[in-house]
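Here's the letter readout for the chains.
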There are 2 protein chains.
Amino acid sequence: MSTLTEISRQRSFGGWHAQYAYDSEALNSRTRFAIFLPPGASQANPVPVLYWLSGLTCTDENFMQKAAAQRVAAELGLAIVAPDTSPRGEDVADNHDYDLGQGAGFYLNATEPPWQAHYQMERFVTEELPARIEAHFPVTDRRAIAGHSMGGHGALVLSLRHPGRYRSVSAFSPITHPVAVPWGQKAFSAYLGADRDRWQQYDAACLMRKATPDQHCPTLVSQGLADEFLNSQLQPWHLTEAAGHSGYPLTLEQHPDYDHSYYFIASFIEQHLRFHQEVLSA
Amino acid sequence: MSTLTEISRQRSFGGWHAQYAYDSEALNSRTRFAIFLPPGASQANPVPVLYWLSGLTCTDENFMQKAAAQRVAAELGLAIVAPDTSPRGEDVADNHDYDLGQGAGFYLNATEPPWQAHYQMERFVTEELPARIEAHFPVTDRRAIAGHSMGGHGALVLSLRHPGRYRSVSAFSPITHPVAVPWGQKAFSAYLGADRDRWQQYDAACLMRKATPDQHCPTLVSQGLADEFLNSQLQPWHLTEAAGHSGYPLTLEQHPDYDHSYYFIASFIEQHLRFHQEVLSA
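Attention in this report is confined to the structure presented alongside it. The shown structure was predicted, so the numbers you read here are calculated from the model rather than taken from an experiment.

**Let's talk about the relation of the copies chain B and chain A**
Right, so step 1: Expressed as a screw operation, the relation of chain B to chain A combines 0.0 Å of axial shift with a rotation of 180°, fitting to an RMSD of 0.0 Å. Taken together, the rotation angle and the small translation identify this as a two-fold axis.
Right, so step 2: Here 100% of the interface residues in chain B have copies in chain A that are interface residues too; the copies meet face to matching face.

The structure is reproduced here in structure tokens:
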């Protein structure tokens, strides 16, 4: 395994926030992630980890700077890891649109050229990165996953596709049914090709509708009702319908007046972290 | 008075965060500020205001996005106003250095060309902006002031220069003795000219050392001991010496391992807000 290089390090709520870079095999490129370690985390006292997946155009920095999560994570003894949202680099395929290419990895394994050479985000997030984290930091293999918008889609889909890998999942403003909305259709066409059966394998509503009990994972979704993408891209009613169909343990909370921004995430991140901690500590 | 134009508006912790622009007479330019209004603030229930002054290169956005202040301000019923750190615009004097010109107003009234035409930040912060805020929003005239780095300098100096205008003052990592450090010397030379007697009128350590009881204002200063600017630019020991000399009510807390970043501010902003609220509600 290539060396982890520390990029930055800051004391935060008695714990530490840091950024690291390393050469990712899954992404075939150098990648960067951020980690928050709560006070008291040590080899003798390893802590569970929440993986946070950010939305379109984000990096490993947005959540750590804007979500106000560290206070509660410090209190609960929870580590948080925030990967970048796609592979990066001059030799990595890109597109001038904000919603395709670098900054828009959609947390899947691409099968189509030119994307498949680097865009193996599912393998990166579910396998390679946790192995790194668990080898290098004082954490357990108790994992939770959460995200926002494109990252909310990622959290829901990766939890459903990897039963048992995560003990709890939550999402803010997720893309719930990407096969049916412009962001998803554009990304899936490029990364997965024309076969819509493949698309459904990365669609939270489709997966949740068919979920069997071994795929059930405690799930909390928060949606702002003044979200500018609510009807065009997010469509949370697909989750409600899917969960009702399969008996999936979904809690969907809708909040009047809140929008798609980190001001919304910050307002409810404490609730999400306490939800995860309750499951992780059970 | 020119009209306030709303630029953005987000629900946050049951209250509202918003940005506004207007044509400032003091700055002779269009300016922008951000405001957080806690839940329940109304004409029938006006709330006190904390003015936050940001550091070099910042705008009205840094504090609202990164300080994690809204949760506690919502609980305490405290409004927060964050102005920009300088006048802005194509016709406003500037310098290619990050520590002079736009983004580096230093919260003083400039006397020297070309700066004096727009750089009237003291008048803007202490008079014009509060008059606007108190006319347009459900707030009282109970004011507190706080800031970071250059803004910590601003908060301390404006409180000392305007006795009675603020009920409490706090600072993170302030420039305490600008007449003696590179950031201050560069800015004061440009904005105030060569006369060092004038400089001392905007120097917290000099003002605090001579402070009379009518200038005393409850003051909390937090300083990280891993701050990369601690010895070169901040030098908090000047405040301790000055307060000891004049009997000024200063509390200076030093925190091992914390740096100059918003990760430090976020870690201790709750303490600062509760400090202000205790004085404001007395």
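Now that the structure is up, let's keep going.
**With respect to the state of the cysteines**
Right, so step 1: What the rule picks out here adds up to zero disulfides over all chains.
Right, so step 2: For Cys217(A), which is in no disulfide, the shortest distance to another cysteine sulfur is to Cys206(A) and amounts to 19 Å.

**Focus: the environment of Arg71(B)**
Right, so step 1: Relative to the helices and strands, Arg71(B) is located in helix 2 (residues 70–76).
Right, so step 2: Only 2.8 Å separates the side chain of Arg71(B) from the side chain of Glu270(B), close enough to count as a polar contact.

**Observations concerning helix 10 (residues 262–280) of chain B**
Each full turn of the α-helix corresponds to 3.6 residues, which orients residues three or four apart in the same direction.
Residues and elements named next belong to chain B.
Right, so step 1: At Phe268, helix 10 shows its largest kink, close to 50°.
Right, so step 2: With 14 of 19 residues buried, helix 10 is to be regarded as a mostly interior element.
Right, so step 3: For helix 10, the capping residue at the N-terminal end is Ser261, with a side-chain oxygen 3.1 Å from the backbone nitrogen of Tyr263.

**Notes on the interface of chain B and chain A**
Right, so step 1: At the junction of the two partners, chain B supplies 23 residues and chain A supplies 23 residues.
Right, so step 2: Interface area for chain B against chain A, summed over the two sides, is near 1900 Å², with a carbon-plus-sulfur share of 54%.
Right, so step 3: For the pair chain B and chain A, the number of links is two salt bridges.
Right, so step 4: Between Asp257(A) and Arg11(B) there is a salt bridge; the shortest N-O distance is 3.9 Å.
Right, so step 5: At the boundary of chain B and chain A, one finds eight residue pairs in polar contact (both at pLDDT 80 or more).
Right, so step 6: Looking at which element gives the most residues to the side of chain B that touches chain A, the answer is helix 10 of chain B, with five residues.
Right, so step 7: Here the side of chain B that touches chain A is composed, by residue class, of eight nonpolar, eight polar and seven charged.

**A closer look at the sheet that holds strand 6 (residues 139–148) of chain B**
Right, so step 1: Ordered by their spatial adjacency, nine strands build an open sheet running 1-2-3-5-4-6-7-8-9 (chain B), and the pairing between neighbours is mixed. At either end of the open sheet lies a strand with only one pairing partner, and these are strand 1 (5–12) and strand 9 (250–255) of chain B. Within this sheet the neighbouring strands show an average axis-to-axis angle of 20°, counted without direction.
Right, so step 2: Pairing between strand 8 (residues 219–224) of chain B and strand 9 of chain B: six bridges, direction parallel. Across the sheet, residue Val221(B) finds its bridge partner in strand 9 of chain B, namely Leu252(B).
Right, so step 3: Strand contacts of helix 10 (residues 262–280) of chain A: strand 1 and strand 2 (15–24) of chain B, with the helix running at about 25° to strand 1 of chain B, the strand carrying the most contacts.

**Observations regarding the pairing of strand 1 (residues 5–12) of chain A**
All names here are of chain A.
Right, so step 1: Sheet topology note: the strand 1/strand 2 (residues 15–24) ladder contains seven bridges and is antiparallel. Directly across from Ser12, in strand 2, lies its bridge partner Gly15.
Right, so step 2: Linking strand 1 to strand 2, which pair antiparallel, is a turn of two residues; within it Phe13 sits at a positive phi near 50°.

**With respect to the sheet that holds strand 6 (residues 139–148) of chain A**
Residue and element names in this part refer to chain A.
Right, so step 1: If you walk across this open sheet you meet the nine strands as 1-2-3-5-4-6-7-8-9, and the pairing is mixed. What marks the edges here is a single partner per strand, and that holds for strand 1 and strand 9 (250–255). Each adjacent strand pair in this sheet contributes to an overall mean axis angle of 20°, direction not counted.

**Considering the pattern of salt bridges**
All names here are of chain B.
Right, so step 1: Counted according to the given criterion, the structure contains 28 salt bridges over all chains.
Right, so step 2: Notably, a salt bridge pairs Arg32 with Asp60, separated by 2.7 Å at the nearest N-O pair. Pair noted here: Arg32 is in strand 3 (residues 29–37) and Asp60 is in the loop between strand 4 (47–53) and helix 1 (62–66), with a separation of 28 residues, a long-range link.
Right, so step 3: A residue is classified by how much of its surface remains accessible, and Arg32, at 28% relative accessible area, is partly exposed.
Right, so step 4: When its relative accessible area of 0% is taken as the criterion, Asp60 is described as buried.
Right, so step 5: The salt bridge involving Arg209 is made with Glu241; its shortest N-O contact spans 3.1 Å. A residue pair is termed long-range when its members are at least 10 positions apart, and Arg209 in helix 7 (residues 204–209) and Glu241 in helix 9 (residues 237–246) qualify at 32 residues.
Right, so step 6: Residue classification places Arg209 among the partly exposed positions, given a relative accessible area of 36%.
Right, so step 7: Look at Glu241 and you get partly exposed, because its relative accessible area is 40%.

Reading the values: rules and limits
- Residues numbered from 1 in each chain as written.
- Chains lettered and ligands numbered in written order.
- Predicted model: local features only at pLDDT ≥ 70, side-chain atom pairs only at ≥ 80, totals over all residues.
- Heavy atoms only, no water.
- Least-squares fit on C-alpha atoms with pLDDT ≥ 70 in both.
- Contact = heavy atoms within 4.5 Å.
- Disulfide = S-S within 2.5 Å.
- Helix = DSSP H or I, 4+ residues; strand = E, 2+ residues; numbered from the N terminus.
- Polar contact = N/O pair within 3.5 Å; in protein donor to acceptor, adjacent residues only side chain to side chain.
- Bend = angle between axes of the 7 residues up to and from the residue.
- Buried < 20%, exposed > 50% of the residue type's maximum accessible area, 1.4 Å probe, protein only.
- Buried area = accessible area lost by both parts, 1.4 Å probe.
- Salt bridge = Lys/Arg side-chain N within 4 Å of Asp/Glu carboxyl O.
- Nonpolar A, V, L, I, M, F, W, Y, C, P; charged D, E, K, R; others polar.
- Pairing = 2+ DSSP bridges.
- Axes fitted to C-alpha atoms, helices over the stretch in contact; angles between N-to-C directions.

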